[in-house]
Amino acid sequence: MALVPFANKRSPAQPPAPFDGLFGDFSLLERLDDFRRRLVRAALAVCVGVLVGFAFINQVVDFLLAPTRRTLPAGAKLIYTQPGEAFGLYIQVALIVGIVVAMPYIMHQCWKIVAPLVPPAGRRFAIPFALFTTTGFVLGAAFTHYIAFPYMMAFFASFNTPDLVFYPKLSDVFDLYTKMLLGMGAVFQMPTIVFFLAKAGLVTARFLIRSFKYALLLIFVVAAVITPTGDMVTQTIFAAPMLGLYLLSIGIAWFFGKTRLIPDDDSVE
């Protein structure tokens, strides 16, 4: 009896796999290997930045703790109660400096990873996106360091009395500073997000104006969630710039939105 071999070839009419063409001319395994290489490169760049941070560690720590020192009562100093607390602070500061120094290179590696997944029409926004997000984070960090954090520390230090002395703990002060820095850095991304949504036609200035009362409520809810402490003063410090950024976003949506070129749907008969 003759044996009929089974056919192993894919039929020409068979539809392609779901991931065919998703990674360009590379396979999934090749993309994973490329991701590993770029992750290692980004980690090496952070290590170089950490070495730079350790080279200027005393100046950086003095700069970060300057707002707290200015609000302390006369004769008061920052204290640490654990043996490795100050050393751990120096390690964290050096790591933060390393990430900040290596951030342009890290963003470049991230873009190389996601570039094959981005449509050709959207790749022209790569540089504006990196520029706007970096600028927003820097502005948020500057607002925290020069305005929000000093004002908040001055408020906490105002309860100092002859019988109650304010001696803040080093790790507590730095943890609060870091949380506020990251929170404000995220808050100041609002104009960037609105800019790209407006360019895509997903958000208009008219929509933002009509939603102002809901946005105001949402702003205070978000401020209560991301506020590192539970007091109303810190919540207001977070909510005030968010409200200003929302008003700025309305202007951005009006100026850069598609409604300047394309009339609204309700005006077209």
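Refer to the preceding data block for the structure.
Here the structure is a predicted model, which is why all the values come from computation and not from measurement.

### A closer look at the overall build of the protein
No. 1: The helix and strand inventory of the protein stands at nine helices and zero strands.
No. 2: Ordered by position from N to C terminus, the α and β elements of the protein give α-α-α-α-α-α-α-α-α.
No. 3: Burial analysis of the protein (269 residues in total) assigns 33% to the buried set.
No. 4: Contacts in the protein between residues far apart in sequence, at least 24 positions, make up 82% of those at least 6 positions apart.
No. 5: Element-wise, carbon and sulfur atoms account for 71% of the exposed surface of the protein, whose accessible area totals about 17600 Å².

### Structural notes on the packing of aromatic side chains
No. 1: Here the structure, examined in full by the defined rule, presents 11 aromatic pairs.
No. 2: When the ring of F155 is compared with that of F159, the centres are 5.5 Å apart and the planes differ by 85°; the resulting orientation is edge-to-face.

### Some points on helix α6 (residues 190-199)
No. 1: Of all the positions in α6, only M190, P191, T192, V194, F195 and A198 are classed as buried.
No. 2: Looking at the buried positions of α6, the neighbouring elements they touch are α4 (126-157), α5 (170-187), α7 (205-210) and α9 (232-256).

### Quick look at the packing of helix α2 (residues 57-71) against helix α3 (residues 85-114)
No. 1: Where α2 meets α3, the closest approach of the two axes is 10 Å, and the angle between their N-to-C directions is 95°. One finds that α2 runs roughly perpendicular with respect to α3. Residues I57, N58, V60, V61 and L64 of α2 lie in contact with α3, whose contacting residues are Y90, V93, A94 and V97.
No. 2: Per-class residue counts for the contact of α2 with α3 are eight nonpolar, one polar and no charged.

### So, the nonpolar core
Buried together is how nonpolar side chains tend to be arranged in soluble globular proteins.
No. 1: Judged by nonpolar contacts, the single largest core of 51 residues is most densely connected at V93, F149, M180, L208 and Y246.
No. 2: With nine residues, the top contributor of residues to this core is α5.
No. 3: Aside from chain neighbours lying at most four places away, what touches F149 is P67, T68, T144, V173, L176, Y177 and M180.

### Concerning the layout of surface pockets
Rolled over the atoms, a probe as big as a water molecule pinpoints where empty space is left.
No. 1: Reported here for the largest pocket is a volume of approximately 1200 Å³.
No. 2: Lining the largest pocket are 38 residues, and of these V100, M103, T134, F137 and V138 lie nearest its centre.
No. 3: Where the lining of the largest pocket is concerned, the elements lending two or more residues are α2, α3, α4 and α5.
No. 4: For the lining of the largest pocket, the leading source of residues is α4, giving 13 residues.
No. 5: The residue makeup of the lining of the largest pocket, split by class, is 31 nonpolar, seven polar and no charged.
No. 6: For the second largest pocket, the calculated volume is near 220 Å³.
No. 7: As for the second largest pocket, its lining consists of 13 residues, and the residues nearest its centre are M190, A215, L218, I219 and Y246.
No. 8: Elements supplying a minimum of two residues to the lining of the second largest pocket: α6, α7, α8 (212-226) and α9.
No. 9: No other element matches the five residues that α8 contributes to the lining of the second largest pocket.

### Describing the packing of α5 against α9
No. 1: Where α5 meets α9, the closest approach of the two axes is 10 Å, and the angle between their N-to-C directions is 15°. Taken together, the axis directions place α5 and α9 in an arrangement best described as roughly parallel. Taken as a pair, α5 and α9 cross one another with a handedness that is right-handed. Counted together, M180, G183, M184 and V187 of α5 and I237, F238, P241, M242 and L245 of α9 form the full contact between these two elements.
No. 2: Here the residues of the contact of α5 with α9 are counted per class, giving eight nonpolar, one polar and no charged.

Criteria and thresholds
Residues numbered from 1 in each chain as written. Predicted model: local features only at pLDDT ≥ 70, side-chain atom pairs only at ≥ 80, totals over all residues. Heavy atoms only, no water. Helix = DSSP H or I, 4+ residues; strand = E, 2+ residues; numbered from the N terminus. Buried < 20%, exposed > 50% of the residue type's maximum accessible area, 1.4 Å probe, protein only. Contact = heavy atoms within 4.5 Å. Areas by Shrake-Rupley, 256 points an atom, 1.4 Å probe, with all protein chains shown as cover. Phe/Tyr/Trp six-rings, centres within 6.5 Å; stacked < 30°, edge-to-face > 60°. Axes fitted to C-alpha atoms, helices over the stretch in contact; angles between N-to-C directions. Parallel < 35°, antiparallel > 145°, perpendicular 65-115°, else oblique. Nonpolar A, V, L, I, M, F, W, Y, C, P; charged D, E, K, R; others polar. Core = buried A, V, L, I, M, F, W, Y, C linked by side-chain atoms within 4.5 Å. 1 Å grid on protein atoms, 1.4 Å probe; cavity = no way out; pocket = protein on both sides within 12 Å on 5 of 7 lines; lining within 4 Å. Points joined across faces, edges and corners; volume = space filled by probe spheres on them. Left-handed = near helix turned anticlockwise from the far one by under 90°.

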